[in-house]
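# Residue-level structure breakdown
Now for the letters of each chain:
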Amino acid sequence: MRREWVNGAMALALSLSVFLAACEKPAPTVKPTQTPPPAARATSPPAAKPTTKPSPAPTSKPPPPAAANPATEPLSKAAPAPKPNTVTVLVANFGNEGFLPQNDSMTAFKLLPMYEALWEDDPDTRELRPMLAETLPQWSEDNKTLYITLRQGVQFHDGWGELTAEDVKFSMELVGPRDSVNAAKSDFAKAQVDTLGPYKLAVNLPAPDWAWAMKNLSTGRFVVPIVSKKYTESRGEAEAGRRPVGTGPFKFVKHEVGRTLEFEAVPNHWRVTPDYKTLVMKVVTEPATVLAMLRTGEADIATVPVSFVPEARAAGLDVRLIRNVGTIGVGLGGQYLASRDTFDPNVPWVLAKEPEKALKVRKALNLAVNRQEIIDKVLNGIGGPWPILASPNVDASYDPSWKPYPYDPEQAKRLLAEAGFPNGFETTMVQFTATGHASVEIAEAVAIYWEKIGIRVKRLPMDQPAHRTRQVGRKNAGVAFPVWRSFYNEEAVNVDRHFTSRGTALNTLFEYPEIDGLLGKAVSEMNTERRMAMTKEFHKLMYDGYLAVPVSLEHMAIGAGKKIGEWQVLTADPFLYRSEFIKLK
């Protein structure tokens, strides 16, 4: 029923000839970024000698309170008790719902307020600052060893003891085994973690990786929650994954699979005591239901699909926009290494024996899409055309001469004919709901445009975790799917997980030996200028090769209920987290 509604609405919207949308300014409590967002000032970690005790590095804003000496004073300070209130947040899913590091990453972990990371991103600047770690990342002179010093006195929930280096080592080592489905598996499989004392660790890498700490151990790219070794080993991984214990400002209360998670605020938490006592997260994906629950007060916070923003505002809801959270479009599955068992040389946009014709197909698929019309009529003007499905947000890695691909359906048809497909071909478009993204709308809009040039598109609805399993297993040959890229301080932060044969992320797009080599050098290059040049070269390969179908810059709309006051979510980040900072009116 929902798909029929979406298809009908999209077809009607795309037939209109007037601009339907109005994009109001975001609420003042959510600060917009510039286009593109500025680069972080602390992209390369400071060097440190192995024998030198690391010292705190300066940040643009004061870091969280320094660790106390447990022998002389408690880590926590007196704070007002949480108000006896409940905040209900609606989300699309909880990942695969096994809440340990080896399981689903980021989609779930960013939502879970009982966990903390070693570092966090400053919500204004995106710069890294300490969280469970006492200092910023410290590196050996050869940039192959990361030294970590932990805060002392941080306690796990429910009396499971103080956080130590053994807990951090244990959490990291859960990520790397073969049965792990964590997006960072390849990074941790090659890392050797050693404890140097009760609060110190060394992570030894096979090669320099300037962003390793940022992309694996921070809240900005939350893939490794720190769990209690004692609790997990005593209860077993199955139970520990169902009833997780962490160090965060909320503790776990209960979990109903596929439906609800409930948490309770931790009084006098070492970092921040929430303003309210109970946090409930519910899985609700139908936009009309989301709006109804926000209107009636059954829900207090939810992402609102941009296609529903006018309706939400007409209903009197408080809609807050976070601008430029990333880019969104459609991926073309099957661009795998020829050595893969799942590689299909006959996929129209691959054609292993005729790469020139495959290029024409990919170009045709891009020229067939009217990006501005999708933005105006489907996304209600909330977006802007973007030339590549990546996030180059620093001038050194982006060429302003790159323009969004034009809309030219007649040329698209000619290119298909030249490639050997005068009558088009059949393909499948996966459709799934994802929190904070117009994934279904984008997939459907692109499918409609492809059909206009003769492509026969079969829709395949599925949930996001199932799609991720297919992606990681390289089982999407010949299949198109919605895809997005979040903005990072620098594109090279996470390119190896999305654009190489090493990729293990939901949005893994393609594999080419040339790109593997180029990005392999980029992630290990500690010199910022040289790294930027490599990233720019990669972007040019993506742009000239039409390797995906970019559609728009992506903004995120959040619907807030009547009792929600100030709440500073992370700038340019499409996740509903930092729930401990929600203030009630």
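Residues numbered from 1 in each chain as written. Predicted model: local features only at pLDDT ≥ 70, side-chain atom pairs only at ≥ 80, totals over all residues. Heavy atoms only, no water.

With five bridges connecting them, strand 6 (residues 192-197) and strand 7 (residues 200-204) associate as antiparallel partners. When the sheet's bridge partners are listed, glycine 197 is paired in strand 7 with lysine 200. (Pairing = 2+ DSSP bridges. Helix = DSSP H or I, 4+ residues; strand = E, 2+ residues; numbered from the N terminus.)

Among the residues of helix 7 (residues 287-296), Pro287, Val290, Leu291, Met293 and Leu294 are the ones counted as buried. All buried residues of helix 7 project into a common sector of 165° when viewed along the axis, lining one side. Glycine 297 lies just past helix 7 and shows a positive phi near 90°. (Buried < 20%, exposed > 50% of the residue type's maximum accessible area, 1.4 Å probe, protein only. Arc of directions from axis to C-beta.)

If you walk through the whole model with that rule in mind, you get 25 salt bridges. Glutamate 173 serves as the salt-bridge partner of lysine 169, at 2.7 Å between the closest nitrogen and oxygen. Of this pair, lysine 169 and glutamate 173 both sit in helix 2 (residues 165-175), four residues apart, which is roughly one turn of that helix. Between glutamate 580 and arginine 271 there is a salt bridge, with the nearest N and O atoms lying 3.1 Å from each other. (Salt bridge = Lys/Arg side-chain N within 4 Å of Asp/Glu carboxyl O.)

Our focus in this paragraph is the environment of glutamate 127. If you trace the backbone, glutamate 127 turns up in the loop between strand 2 (119-121) and strand 3 (128-130). With 87 residues separating them along the chain, glutamate 127 and methionine 214 place their C-alpha atoms 9.7 Å apart.

For the rest of this paragraph, the subject is the packing of aromatic side chains. The full count for this structure, using the stated rule, is 15 aromatic pairs. Ring geometry for tryptophan 402 and tyrosine 543: centres 5.8 Å apart, planes at 25°, overall stacked. Residue tryptophan 402 is found in the loop between strand 13 (383-384) and helix 11 (409-418), and its partner tyrosine 543 is found in helix 16 (residues 528-545); the two are separated by 141 residues along the sequence. Considered together, tryptophan 402 and tyrosine 543 belong to a single accessibility category, that of buried residues. A ring pair is formed by phenylalanine 432 and tryptophan 484, whose centres lie 6.1 Å apart and whose planes are at 55°; its orientation type is tilted. Within this pair, whereas phenylalanine 432 is found in the loop between strand 14 (426-431) and helix 12 (439-452), its partner tryptophan 484 is found in strand 16 (residues 479-486), the two being separated by 52 residues in sequence. Connected via pairs of aromatic rings, a cluster forms that spans Trp386, Tyr398, Trp402, Tyr405, Tyr543 and Tyr546. (Phe/Tyr/Trp six-rings, centres within 6.5 Å; stacked < 30°, edge-to-face > 60°.)

Packed helices, taken two at a time, are described by their axes: the angle between them and the distance between them. Closest axis-to-axis distance for the helix 10 (residues 371-378)/helix 12 pair is 11 Å, and the angle between their directions is 130°. By the angle between their directions, the pair helix 10 and helix 12 is classed as oblique. Pair helix 10 / helix 12 crosses with right-handed handedness. Between helix 10, through Glu373, Ile374 and Val378, and helix 12, the contact on the second element is made entirely by Glu441, Ile442, Ala445 and Tyr449. (Axes fitted to C-alpha atoms, helices over the stretch in contact; angles between N-to-C directions. Parallel < 35°, antiparallel > 145°, perpendicular 65-115°, else oblique. Left-handed = near helix turned anticlockwise from the far one by under 90°. Contact = heavy atoms within 4.5 Å.)

Right, let's talk about the pairing of strand 12 (residues 318-332) for a bit. Within strand 12, 14 of the 15 residues are buried, leaving the element largely enclosed by the surrounding structure. Pairing between strand 12 and strand 17 (residues 549-560): 10 bridges, direction antiparallel. Along strand 17, the bridge assignment pairs leucine 321 with alanine 557. As defined by bridge partners, strand 12 adjoins strand 16 across seven bridges and the pair is classed as antiparallel. Opposite glycine 326, over in strand 16, you have serine 486 as the bridge partner.

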